[in-house]
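# Structural characterization, general
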Amino acid sequence: MRVGLIAADATHPVLAATAALLTGAGHRVETLDPAGPGAVPPPGPEALLPPGPPADVYLLKARTPRALALAARLEERGVPVINSAAATARCQDRVAMAALARAAGLPFARTRAVATMAELAAAGQPAGPLVVKSRHSRRHDLVARADTAVRLRELAAQWPAEPVVVQDFTANSGWDHKLWVVDGRLFAGLRRSELAPDGRGPTLPLTAAELPESWRAAVLRVGEVFGLSVYGVDVLDAGGGAPLIVDINAFPGIRGQAGAPKALAELALRTAARSERTTSEMSTN
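Small disclaimer: the values here were computed from a predicted structure and weren't measured.

Analysis parameters
Residues numbered from 1 in each chain as written. Predicted model: local features only at pLDDT ≥ 70, side-chain atom pairs only at ≥ 80, totals over all residues. Heavy atoms only, no water. Salt bridge = Lys/Arg side-chain N within 4 Å of Asp/Glu carboxyl O. Helix = DSSP H or I, 4+ residues; strand = E, 2+ residues; numbered from the N terminus. Pairing = 2+ DSSP bridges. Axes fitted to C-alpha atoms, helices over the stretch in contact; angles between N-to-C directions. Core = buried A, V, L, I, M, F, W, Y, C linked by side-chain atoms within 4.5 Å. Buried < 20%, exposed > 50% of the residue type's maximum accessible area, 1.4 Å probe, protein only. Contact = heavy atoms within 4.5 Å. Right-handed = clockwise from strand over helix to strand, strands pointing away. Arc of directions from axis to C-beta. Polar contact = N/O pair within 3.5 Å; in protein donor to acceptor, adjacent residues only side chain to side chain.

On to the pattern of salt bridges, then. Throughout the structure, instances matching the rule amount to 14 salt bridges. Measuring nitrogen to oxygen at the nearest pair gives 2.2 Å for the salt bridge that ties R270 to D183. With R270 in helix 8 (residues 260-284) and D183 in the loop between strand 9 (175-182) and strand 10 (185-192), this pair connects stretches of sequence that are 87 residues apart. Residue K262 is joined to E266 by a salt bridge in which the shortest nitrogen-to-oxygen separation is 2.5 Å. Linking K262 with E266, this pair stays in helix 8, spanning four residues, or about one helical turn.

In this section: the sheet that holds strand 11 (residues 204-206). Strand order in the open sheet formed by five strands is 11-10-9-12-13, and the pairing between neighbours is antiparallel. Both outer strands of the open sheet, strand 11 and strand 13 (243-250), are each paired with one neighbouring strand and no more. For this sheet the average axis-to-axis angle between neighbouring strands, irrespective of direction, equals 25°. By the bridge criterion, eight bridges tie strand 9 to strand 10 in an arrangement that is antiparallel. Residue pairing in the sheet places V181 in a bridge with L186 of strand 10.

It is worth spelling out the nonpolar core at this point. Here is a general trend for soluble globular proteins: nonpolar side chains tend to be buried in one another's company. In this structure, V219, V222, F226, L228 and I248 are the most contacted members of the largest nonpolar core, which totals 27 residues. Of all the elements in the fold, those that place two or more residues in this core are helix 4 (94-103), strand 9, strand 10, helix 7 (213-226), strand 12 (230-237) and strand 13. No other element matches helix 7, which puts six residues into this core. Here V222 is in contact with L106, G227, Y231, V233, I245 and I248, once residues within four sequence places are set aside. One finds L59, V182, A263 and A272 within the second-largest nonpolar core, a separate group that totals 22 residues.

This next bit is on the environment of R139. Mapped onto the elements of the fold, R139 is located in the loop between strand 6 (130-134) and strand 7 (143-146). On the basis of relative accessible area, R139 is assigned to the exposed category, the value being 67%. Expressed as a C-alpha distance, the spacing of R139 and T64, which sit 75 residues apart in the sequence, is 9.6 Å.

Turning our attention to the pairing of strand 2 (residues 28-32). Where strand 1 (residues 2-6) and strand 2 come together, five bridges link them in parallel fashion. Looking at the pairing, L5 lines up with T31 of strand 2. Taken together, strand 1, helix 1 (residues 13-24) and strand 2 constitute a β-α-β crossover, and its handedness is right-handed.

Moving on: helix 4. Those residues of helix 4 that sit buried are R94, M97, A98 and A101. Down the axis, helix 4 shows its buried residues gathered within 95° of arc, on one side only. The elements touched by buried residues of helix 4 are helix 3 (85-90), strand 6, strand 7, strand 8 (164-168), helix 7 and strand 13. Sitting at the head of helix 4, D93 places a side-chain oxygen 2.9 Å from the backbone nitrogen of V95. With its phi angle positive at about 85°, G105 sits one or two positions after the end of helix 4.

Structure follows, in structure tokens:
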């Protein structure tokens, strides 16, 4: 099989380990670099496609607009992409993400949109502690806690025109439950919240079996609702063991999770084989 990676950095640990497993089993791994962020420039994603036939399946790690356009073009040509461009895009807009999750009954934090960070700061003293995030999820986006008008003004000075979303801060242990899923297989870890003053630090081990059943069910339900095969979910303990989902990411890093590269490689091969069988059946009918 030929497996393509749509990624700006094919040396990312989970991609590199997955590629090593695939090549060690005699498969070929190819990388398409979507060439950075920004709108799709002329001549468009078609120019990024290599000459000759495409790979049998692609793993969509990059999430820039150009990467999504490239993935969508491949899908139009009948090539399977994990995750699909549409599913990946559903995780980019945090307003749409929250609306979809809550409509499906998932325990997602209440989320409201504000046009710009400057507008939020202009509203003055918040009624309570807030978590402020960039509306559009991306690398190095804004994620901060703001308890006072002074803090909001500080953020507005750095990010004045940034479209943002606001969630009420939920008192918790200060630890994020980082949960990852690869084709229905759940991986887990504990990491200090990115809102913690001392930084996040390393991810601590946590097994899926240690999670309450309601947490596992909610995280697996995310994949069904968003159409994702590879994704990450950030969950807080909102008190009494109740889960609160605060973010969803398509194709996260899944660093340091034993078994994740193997699960990813197996998913890629199964998807390619299924697509090949479907194409063969269609050609004989």
